[in-house]
Amino acid sequence: MNSTDPFSGVRHQVDAELALALAHSTERDQHASWYREFGSTLEEYTRQHLDSRPGFFVLAGLDHLTEEQARGFTVAVSRLTGDLLPQDGHGALLRDVRDRGVKLGEGATGRYSDSRQGGSLHTDAAHRPGRLPDVFALFCHRQARSGGALVTVHVSDLLELLADHPEELAALRLPVHFDTRDDAPGFPLTVRRPVLEFSGGRERVYYLRDYIEIGHGHPGIPPLSKDQIKALDLLDELLDRRDLQTHARLAPGEMIFIDNRSIVHGRTPFEDDGPAGGGRLLLRTWIGLPQQQPAGTAR
Ligand SMILES: [Fe+2]
C-alpha cells in the first residue's frame, strides 16, 4: 500500500524569501506581522495534520538554505510551533541526526539517532524524564545515497488490531521501565511509563523496545513478566506489518513535523558515500505543544 506519495496533501511550500527571513530572524522579529502570521499557519497545519491523520506534515522548498540557515530556520519554525525542549543533559535544542558509527544500545548511552541502523520503531524521548515532546521536527539537509526512508505507524491502527487481544492491550497499558541512556551521576537509571496511555483526551504511545529491555535488565528492577513480553512481541509484530507502515523519503530542503504522541517511527537502513559528500544530515528539534484547555474551561 501507500505506493502514492505519502506527503501529497500534507506538503506545504514555503516562500523562498520568507524562509530566509525566518532563518535569520531574531527576537525582535517575533512581534512582526509576517512572523506571527507564519505562526498561525503552523498552528493550522498542526491542527489539520497532527491532531488527526496522517500525523505528520512537511514544509518544502527550503533547499536554497545553507546549513547554517537551515539550522536557524529549523529553530525558528519549531519555536513558532510550541516550546523547544532540550534533547540532552546539556540543554541542546537542535540535534544533528547523522551516522556517528554507533550501534543502538551500545555502551552506556548509544542512541538510535547516532546510528545508521534501521528498524526498531519507536517514539522519541520515551526514555527521558520530565516533559516529553508532543511533536518532533526533522529538517533534511543532506540525504543518504540510498535508503534512510522514514517509516511511520499510527497508534489508531495499532489499537484497532489490539482490540482483538484484550490481555495484551491491558499489559501494554501498565508501566514499564525505560532505561534513560544517561549515566550522569544522580540521573535516574530508568523512567516508568506505560507503552499505551489515554491521556489529555487522546491515546498516546511511548515505545523503544531496546530501552525497555535494558531498563528491566538493571539489578533491583523486576524482569519483564511473560505476559509483558508476549504483549511487546505482539506489538513488534504489528509494527513490522508493511500494510500498517507508511514509507517516505525526505528530499533535501524538506522539513517534516511528526506527532510524537500518536506516531511510532523509524527508518530504513541507509548507505552513504563516505565523508566526501558529508553524509546524511537531518536537524532535529523536540517541541512541546501549548497545553490545550479542556472544553468549557475558562481561559
Ligand atoms: Fe526517532
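The coordinates are above.
One structure accompanies this document, and this report is about it. Keep in mind that what you see is a predicted model, and the values were worked out from it rather than measured.

Scoring rules and cut-offs
- Residues numbered from 1 in each chain as written.
- Predicted model: local features only at pLDDT ≥ 70, side-chain atom pairs only at ≥ 80, totals over all residues.
- Helix = DSSP H or I, 4+ residues; strand = E, 2+ residues; numbered from the N terminus.
- Buried ≥ 20, exposed ≤ 12 C-beta atoms within 10 Å, placed from the backbone.
- Core = buried A, V, L, I, M, F, W, Y, C linked by C-beta atoms within 7 Å.
- Contact = placed C-beta atoms within 7 Å.
- Pairing = 2+ DSSP bridges.

**Section: the overall build of the protein chain**
Right, on to step 1. When helices and strands are tallied, the protein chain shows seven helices and 17 strands.
Right, on to step 2. Burial analysis of the protein chain (299 residues in total) assigns 36% to the buried set.

**Details of the nonpolar core**
Right, on to step 1. In this structure, Phe73, Ala137, Leu138 and Ile256 are the most contacted members of the largest nonpolar core, which totals 64 residues.
Right, on to step 2. With six residues, the single largest contributor to this core is strand 6 (residues 135-142).
Right, on to step 3. Setting aside its immediate chain neighbours within four residues, phenylalanine 73 contacts Ala19, Leu22, Ala23, Leu62 and Leu65.

**Details of the pairing of strand 2 (residues 56-60)**
Right, on to step 1. The buried fraction of strand 2 amounts to four of the five residues, a majority that puts the element mostly inside the structure.
Right, on to step 2. The pairing of strand 1 (residues 11-13) with strand 2 spans three bridges and is parallel. Paired with glutamine 13 across the bridge in strand 2 is alanine 60.
Right, on to step 3. Direction of pairing for strand 2 relative to strand 14 (residues 254-259): antiparallel, over a ladder of four bridges. Note on strand 14: the bridge partner recorded for phenylalanine 57 is phenylalanine 257.

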